[in-house]
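Coordinate analysis (summary)
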Amino acid sequence: MIKEQFREINRKFVEKYEKIDDSKEFYEFMAKPIRQSFRVNTLKIDVKSVVERLSEEFELERVPWCKEGFFVYGEGITKTPEFALGLIFMQEASSMIPPVVMDLKENLFVLDMAAAPGAKTTQISQYMNNTGCVIANDVKYSRLNILISNVQKYGCINVVVTEKDGRYFGRFRDTFDRVLLDAPCSNVGMIRKNYKYLKLWRQMEVEALSRLQKSLILAAYKALKPKGVLVYSTCTLDPEENEEVIDYLLYNTDAKLEKIKLPVKSTEPILEFNGKRYSEEVKKCLRIHPQDNDTEGFFVAKVVKP
Ligand SMILES: C[S@@+](CC[C@H](N)C(=O)[O-])C[C@H]1O[C@@H](n2cnc3c(N)ncnc32)[C@H](O)[C@@H]1O
């Protein structure tokens, strides 16, 4: 049984996840290899042309919640000229959601607080049609090369890359029209991609990340303009890194949550965990378990500033 295999690798993980999702499907999908998907880069080409050409070689299936997104079946998509030329970006389907719900349009001032390697930065730039300005920031010098090379490869001329701790941006009060905090997290959603994330998972690390995420989201909210939109996302399923972070923001600021309406299946957000009760408002967040849509596990919250 898959759960028992998981237990052999990381007993504490299974003990905790018995309280989050103990279904057979959860473990089945956690062990199943992830489907490949890509997003068409409409800064360089239209969706129809790419789909027509790639359909000669691959079976494609639309991602229901992202009109430029496709699942791809068959080997070799990263060996195609489309990939080499930056016409498609290999991106996990659930990770396409945050830019889709940011209400992006031309000429906005946007902060992508934790941006490397740039999947969402390039998607944001694309939705702004290369206008306005996107500050794509990451704290890790070693990850900036890949961020910069993706920005160049995908033809994003409205992006400026910075190397700061995300909390630095809190000083720019009421500045950005949109902020994305795609936070560093314990990567439980990525276990499907690589079992190393199961081996590496530690509750102590989850708690440390939760503290970091709370300070990052507070800075992100400070930097947001009134009437602006802040999107918070993680690719993990631990409530301390998801609902608890959003509950913390709601408790400490005047932030409001907006319900995310997309054609995507989801799991009820968690309202109470280990004796901590969260605001009922967190019901508006999107908690995606791997079996919901056969994707990575993912969490998204859409916040607005009055
Ligand atoms: C989930 S990844 C971001 C993925 C990226 N948004 C994308 O779509 O390609 C989280 C990122 O947060 C960065 N990070 C970690 N701590 C940070 C901090 N204090 N401030 C800013 N970025 C941070 C990591 O280096 C990592 O690149």
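Basis of the calculations
- Residues numbered from 1 in each chain as written.
- Predicted model: local features only at pLDDT ≥ 70, side-chain atom pairs only at ≥ 80, totals over all residues.
- Heavy atoms only, no water.
- UniProt positions renumbered as here; feature names shortened; annotations may be inferred.
- Near = heavy atom within 4 Å.
- Polar contact = N/O pair within 3.5 Å; in protein donor to acceptor, adjacent residues only side chain to side chain.
- Areas by Shrake-Rupley, 256 points an atom, 1.4 Å probe, with all protein chains shown as cover.
- 1 Å grid on protein atoms, 1.4 Å probe; cavity = no way out; pocket = protein on both sides within 12 Å on 5 of 7 lines; lining within 4 Å.
- Sits in = over half its atoms within 2 Å of the grid points.
- Helix = DSSP H or I, 4+ residues; strand = E, 2+ residues; numbered from the N terminus.
- Nonpolar A, V, L, I, M, F, W, Y, C, P; charged D, E, K, R; others polar.
- Axes fitted to C-alpha atoms, helices over the stretch in contact; angles between N-to-C directions.
- Left-handed = near helix turned anticlockwise from the far one by under 90°.
- Contact = heavy atoms within 4.5 Å.
- Core = buried A, V, L, I, M, F, W, Y, C linked by side-chain atoms within 4.5 Å.
- Buried < 20%, exposed > 50% of the residue type's maximum accessible area, 1.4 Å probe, protein only.
- Points joined across faces, edges and corners; volume = space filled by probe spheres on them.

An unreviewed UniProt entry annotates the chain as RNA methylase, NOL1/NOP2/sun family of Ferroglobus placidus. Taken directly from UniProt, the Sequence similarities (unreviewed entry) text for the chain runs: "Belongs to the class I-like SAM-binding methyltransferase superfamily. RsmB/NOP family."

1. Observations regarding the site of the ligand
In the vicinity of the ligand lie 21 residues, with Lys 120, Asp 138, Arg 143, Gly 166 and Asp 182 positioned nearest. Interatomic distance of 3.2 Å between a backbone N/O atom of Ala 116 and an oxygen atom of the ligand. In isolation the ligand offers 600 Å² of accessible surface; the protein chains occlude 89% of this area. Comparing atom positions with the cavity grids shows the ligand to sit within the largest pocket. Those elements giving two or more residues to the shell around the ligand turn out to be helix 7 (119-127) and helix 10 (203-223). For the shell around the ligand, the class distribution of residues is eleven nonpolar, three polar and seven charged.

2. Some remarks on the packing of helix 1 (residues 2-9) against helix 3 (residues 24-31)
The N-to-C vectors of helix 1 and helix 3 enclose an angle of 65 degrees; their axes lie 9 Å apart at closest approach. Along this stretch, helix 1 crosses helix 3, giving a crossing that reads as left-handed. Note on element contacts: helix 3 touches helix 1 through Tyr 27, Glu 28, Met 30 and Ala 31, opposite Ile 2, Lys 3 and Phe 6. In the contact of helix 1 with helix 3, the residues fall into five nonpolar, no polar and two charged.

3. Quick look at the nonpolar core
Formed by 88 residues in total, the largest nonpolar core has its most connected members in Phe 13, Leu 230, Tyr 232 and Ile 246. A per-element tally of this core places helix 10 first, with eight residues. By size, the runner-up hydrophobic cluster in this structure holds eleven residues, among which are Val 40, Val 50, Phe 70 and Val 72.

4. Topic: the layout of surface pockets
Estimates place the volume of the largest pocket at around 1,200 Å³. Forming the walls of the largest pocket are 44 residues, and the residues nearest its centre are Ala 116, Pro 117, Arg 143, Asn 187 and Met 190. Of all the elements in the fold, those that place two or more residues in the lining of the largest pocket are strand 1 (36-40), strand 4 (88-90), helix 7, strand 8 (176-182), helix 9 (196-200), helix 10 and strand 9 (224-234). Considered class by class, the residues forming the lining of the largest pocket number 21 nonpolar, ten polar and 13 charged. Taken as a whole, the second largest pocket spans an internal volume of roughly 160 Å³. Lining the second largest pocket are Cys 185, Ser 186, Asn 187, Tyr 197, Leu 200, Trp 201, Arg 202, Glu 205 and Leu 209. Every element with two or more residues in the lining of the second largest pocket is listed here: helix 9 and helix 10. A class-by-class count of the residues in the lining of the second largest pocket yields five nonpolar, two polar and two charged.

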